[in-house]
Amino acid sequence: MSIREQLWQLRRDYSQRALSEKDLPTEPFDLLKRWLQDALSEGLVEPNAAALATVSKDGQPSVRAVLIRDLDETGLIFFTNYESRKASELSNNPRAALLFLWTPLERQVRVEGFIEKVSEEISDAYFKSRPRNYQLAAWASPQSQPIPDRKFLEDRYKEMEARFEGQEVIRPPFWGGFRLVPERIEFWQGRPNRLHDRFLYMRQNDGSWSIVRLAP
Ligand SMILES: Cc1cc2nc3c(=O)[nH]c(=O)nc-3n(C[C@H](O)[C@H](O)[C@H](O)COP(=O)(O)O)c2cc1C
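Computed from a predicted structure; not experimentally measured.

A. Region of the structure containing the overall build of the protein. A tally of regular secondary structure across the protein gives six helices and eight strands. Reading the protein from its N end, one meets helices and strands in the order α-α-β-β-β-α-β-β-α-α-α-β-β-β. Within the protein, contacts between residues at least 6 apart in sequence are counted, and of these 60% link residues at least 24 apart.

B. The arrangement of the nonpolar core in detail. Leu76, Ala96, Leu98, Val109, Val111, Phe178 and Leu180 are the most contacted members of the largest nonpolar core, which has 32 residues in total. With six residues, the top contributor of residues to this core is strand β6 (residues 175-189). When residues no more than four places from it in sequence are discounted, the contact partners of Leu76 are Ile68, Leu71, Leu98, Val111, Arg179 and Leu180.

C. Structural detail: the site of the ligand. Around the ligand sit 16 residues, and of these Arg64, Thr80, Ser84, Arg85 and Ser144 come closest. With five residues, strand β2 (residues 61-72) is the largest single contributor of residues to the shell around the ligand.

D. Local environment of the pairing of strand β7 (residues 197-203). Judged from the six bridges that link them, β6 and β7 form a sheet pairing that is antiparallel. In the strand pairing of β7, Glu186 is matched with Leu200. As defined by bridge partners, β7 adjoins strand β8 (residues 209-213) across five bridges and the pair is classed as antiparallel. Across the sheet, residue Met202 finds its bridge partner in β8, namely Ser210. Hairpin geometry of β7 and β8 is characterised by an intervening segment of five residues between the two adjacent antiparallel strands and by a positive phi of about 90° at Gly207.

E. Spotlight on helix α3 (residues 85-92). Along α3, the positions that sit buried rather than exposed are Lys86, Ala87, Glu89 and Leu90. The arc that holds the buried residues of α3, viewed along the axis, is 160°, so those residues lie on one side. Seen from the open side of α3, the exposed residues pointing more than 90 degrees away from its buried face are Ser91 and Asn92. Against β1 (49-55), β2, β3 (75-81), β4 (95-102), β5 (107-117) and β6 lie the buried residues of α3.

F. Up close: the environment of Phe174. With respect to the helices and strands, the residue Phe174 is situated in the loop between α6 (150-163) and β6. Looking at Phe174, the number of C-beta atoms within 10 Å reads 15, which means it is partly exposed. Once the C-alpha coordinates of Phe174 and Pro142 are considered, the two residues, 32 residues apart in sequence, prove to be 9.4 Å apart. Discounting chain neighbours no more than four positions away, the residues touching Phe174 are Asn81, Tyr82 and Glu83.

G. Spotlight on the packing of helix α5 (residues 132-140) against α6. α6 packs onto α5 with a crossing angle of 115° between their chain directions and a minimal axis gap of 9 Å. Our pair here, α5 against α6, has a crossing hand that is right-handed. On the side of α5, the interface is formed by Leu136, Ala137, Trp139 and Ala140, while α6 contributes Leu153, Arg156, Tyr157, Met160 and Glu161. Taken together, the residues that form the contact of α5 with α6 break down as seven nonpolar, no polar and two charged.

H. Expanded view of unusual backbone geometry. Even without being a glycine, Ser144 presents a positive backbone phi close to 80°. Residue Ser144 is classed as partly exposed on the basis of its 14 C-beta neighbours within 10 Å.

Here is what the cut-offs are and how they apply
- Per chain, the residues get numbers from 1 upward, laid out in the order the sequence is written.
- Local features are withheld for residues below a pLDDT of 70 in this predicted model, meaning they are given only at 70 or higher, and side-chain atom pairs are given and counted only at 80 or more; totals for whole chains, interfaces and linings count all residues.
- Going along the chain from the N terminus, every DSSP run of H or I of four or more residues is numbered as a helix, and every run of E of two or more is numbered as a strand.
- Contacts are defined on C-beta atoms placed from the backbone: any two residues whose C-beta positions lie within 7 Å are in contact.
- When buried Ala, Val, Leu, Ile, Met, Phe, Trp, Tyr and Cys residues are joined through C-beta atoms within 7 Å, the set is termed a nonpolar core.
- Partly exposed residues are those whose C-beta has more than 12 but fewer than 20 other C-beta atoms within 10 Å; with 20 or more the residue is buried, with 12 or fewer it is exposed, and the C-beta atoms are placed from the backbone.
- Residues are classed as near a molecule or strand if the C-beta position derived from their backbone is within 6 Å of it.
- A pair of strands counts as paired when DSSP detects no fewer than two bridges linking them.
- The arc in question is traced by the directions running from the helix axis to the C-beta atoms.
- Under this scheme, a helix contributes an axis fitted over its contacting stretch, all axes are lines through C-alpha atoms, and angles between N-to-C directions fall in the 0 to 180 degree range.
- Crossing chirality is assigned from the near helix's rotation relative to the far helix, an anticlockwise turn below a right angle marking it left-handed and a clockwise turn marking it right-handed.
- Following the grouping adopted for this structure description, the nonpolar residues are Ala, Val, Leu, Ile, Met, Phe, Trp, Tyr, Cys and Pro, the charged ones are Asp, Glu, Lys and Arg, and the polar ones are all others, Gly among them.

Here it is as structure tokens:
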């Protein structure tokens, strides 16, 4: 069977759960936390993985996965290289969109808003919590730059091992966290017959959130 034939046959009806008006808290973070907790409790693989979209100066969107490491009323935090492609796009246009896709739960969450750097203290604290080999890799990798071969990376890693031998690996100045501060958050729950539940929270000027149900 061709790929196309196989893809045309794939069809899953979503029936596990529902999301209705009565389930909606006034703060979308409370629902996001609840759904993230469900994804953690259900043992999903990397439930904190999300697709992060940024836009280049000339309007070309790009998307890649990141791991969300914290979540509160101020936003969603991930860590990366401040000289990467995503970071350079964000320095030109500090707006981003993010998607959690939890297919086993028949759920997706879309987040849109602006991006700011987290404080040095937050980046330091998270960097400290990382295993040493990950800390060294952050130093070794000029993320998003072309490199000649695998050996280049492994040699840089060994250099960093030697540089930090017997010492704590400090956070590279070019590595740290970003916070996505949401202005819109949409919750999508798969339902039977493709009649899914969608609720969009939009932040108002006074900081409160409006909620609308959207057609699937
Ligand atoms: C599941 C998963 C999680 C990832 N998490 C991160 C992350 O938290 N931070 C990061 O910089 N890259 C992460 N990556 C790698 C990015 O997807 C991407 O390759 C890298 O950040 C470079 O992207 P850029 O060139 O667009 O800046 C992850 C990749 C996968 C598949």
